[in-house]
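# Results of the structural survey
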Amino acid sequence: MNTHTQPPIARHTRSLAAILGEFRKHKERIAFVPTMGALHRGHLSLVEVAKTHAERVVVSIFVNPKQFAPTEDLDTYPRTELADVEALSKAGVDAIYMPDAGDMYPDGYQTTVTVPEVAKPLDGASRGPGYFAGIATVVLKLFNQVRPDAAVFGEKDYQQLLVIRRMVRDLNLDIDIIGAPIIRESDGLAMSSRNQYLSDEERNIAGWLSNVMRDTTALLRTGADPEAALAKGIEGLKSVGLAPVDYYELRRDPTLELVTSPVAPEDWATVRLFAAVMLGRTRLIDNMAVSE
Ligand code: AMP
């Protein structure tokens, strides 16, 4: 039995505005957590972080068609609405916003937001320029609809967090962007809605990704040359079946410029290792600072 009160669910901007109006009337700060649903503990950790920044927490669930390439998994992306509402009720969120794709992008829709430099490498290069443009566009639309005081994004999608931070700064949006740490399974695998795609055999292999990455960051902390350390890591990934490797790169926060010389201890926290690998048909991404 569901003993938790279900928060109000808005499916249109008008009902969303009515709910938010009540919060604003009481001068309550609003923290916003955008998601694509199929919620797991990683998403729920963002809700907990959001609660520490505002009196009210609003979560959106929207599988954004604009960030999927035609070859990607838009149609099969996991949708678990009932379980998501249940989890968000239990987590004590104050409102759920589930807009419809037709309302978000009605006939004649044209506008796109791009953040070209931050979006260029890594996932921007491997998933195409439309990927982060699709994300920046939907996030700006959601920001305009929810008008939050703060918004929480997971470091799991670190480049996405940097794209949003840049957009918010460039467009003078008055929203605190908060990054939240990656939540992992016990074997180190970063939680992801797409982990559901993994077979049992693949799931066992997937845990190696963060382990190999930790070996690489440990090697980098000894002062190793990045080229050699990354090559060793890539060999390790391939040897356990995490291949092809889409990228395995060392980049500086927040510009994402490549790091090619040994990392000095004072830079360990701001230089990050970024990885994307294929495991069967599933693409896994992860990142960690050299200090981790
Ligand atoms: P998604 O539903 O995949 O679009 O993710 C929605 C938000 O949850 C994004 O800010 C993600 O970075 C964040 N997120 C997803 N997985 C994790 C995780 N394992 N740990 C922390 N945040 C996560």
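Presented here is a report on the structure given in the accompanying data block. Note that the coordinates shown come from a computational prediction; the quantities given were computed from them, not determined experimentally.

### Considering the overall build of the chain
Scanning the chain from N- to C-terminus turns up 10 helices and nine strands. Rg of the C-alpha trace for the chain: 20 Å, near the compact-globule value of 19 Å for 292 residues, within the 12% margin. Along the longest, intermediate and shortest principal axes, the C-alpha atoms of the chain span 55 × 45 × 40 Å. The proportion of buried residues among the 292 residues of the chain is 51%. At a minimum sequence separation of 6, the contacts of the chain that also span at least 24 residues come to 73%.

### Looking at the site of the ligand
Taken together, the neighbourhood of the ligand is formed by 17 residues, with His-43, Gly-154, Asp-157, Ile-183 and Met-191 sitting nearest. One of the backbone nitrogen or oxygen atoms of Met-36 is found 2.9 Å away from an oxygen atom of the ligand. In the environment of the ligand, an oxygen atom lies 2.6 Å from a nitrogen or oxygen atom belonging to the side chain of Asp-157. Taking 490 Å² as the accessible area of the ligand by itself, protein coverage stands at 92%. Here the element with the most residues in the shell around the ligand is helix α2 (residues 41-51); it accounts for three residues. Looking at the shell around the ligand residue by residue, the class counts come to nine nonpolar, six polar and two charged.

### Observations regarding the pairing of strand β6 (residues 176-180)
Across five bridges, strand β5 (residues 150-154) lies against β6 in parallel orientation. Note that in β6 the partner of Phe-153 across the bridge is Gly-179. For the crossover from β5 across helix α7 (residues 158-170) to β6, the handedness is right-handed.

### Considerations on the nonpolar core
Counting 44 residues, the largest nonpolar core has Phe-143, Ile-164, Met-167 and Ile-177 as its most contacted members. Secondary-structure elements contributing two or more residues to this core are α1 (13-25), β2 (30-35), β4 (95-97), α6 (130-146), β5, α7 and β8 (271-279). Ranked by the residues each element gives to this core, the list is headed by α6, at 10 residues. Residue contacts for Ile-177: discarding those within four places in its chain leaves Phe-143, Ala-151, Phe-153, Leu-161, Ile-164, Arg-165 and Val-168. Ranked by size, the runner-up nonpolar core spans 25 residues in total, among them Ala-206, Leu-220, Leu-250 and Val-290.

Criteria and thresholds
- Residues numbered from 1 in each chain as written.
- Predicted model: local features only at pLDDT ≥ 70, side-chain atom pairs only at ≥ 80, totals over all residues.
- Heavy atoms only, no water.
- Helix = DSSP H or I, 4+ residues; strand = E, 2+ residues; numbered from the N terminus.
- Rg over C-alpha atoms; globule rule 2.2 N^0.38 Å.
- Buried < 20%, exposed > 50% of the residue type's maximum accessible area, 1.4 Å probe, protein only.
- Contact = heavy atoms within 4.5 Å.
- Near = heavy atom within 4 Å.
- Polar contact = N/O pair within 3.5 Å; in protein donor to acceptor, adjacent residues only side chain to side chain.
- Areas by Shrake-Rupley, 256 points an atom, 1.4 Å probe, with all protein chains shown as cover.
- Nonpolar A, V, L, I, M, F, W, Y, C, P; charged D, E, K, R; others polar.
- Pairing = 2+ DSSP bridges.
- Right-handed = clockwise from strand over helix to strand, strands pointing away.
- Core = buried A, V, L, I, M, F, W, Y, C linked by side-chain atoms within 4.5 Å.

Don't take any of this as a statement about function, it's just geometry.
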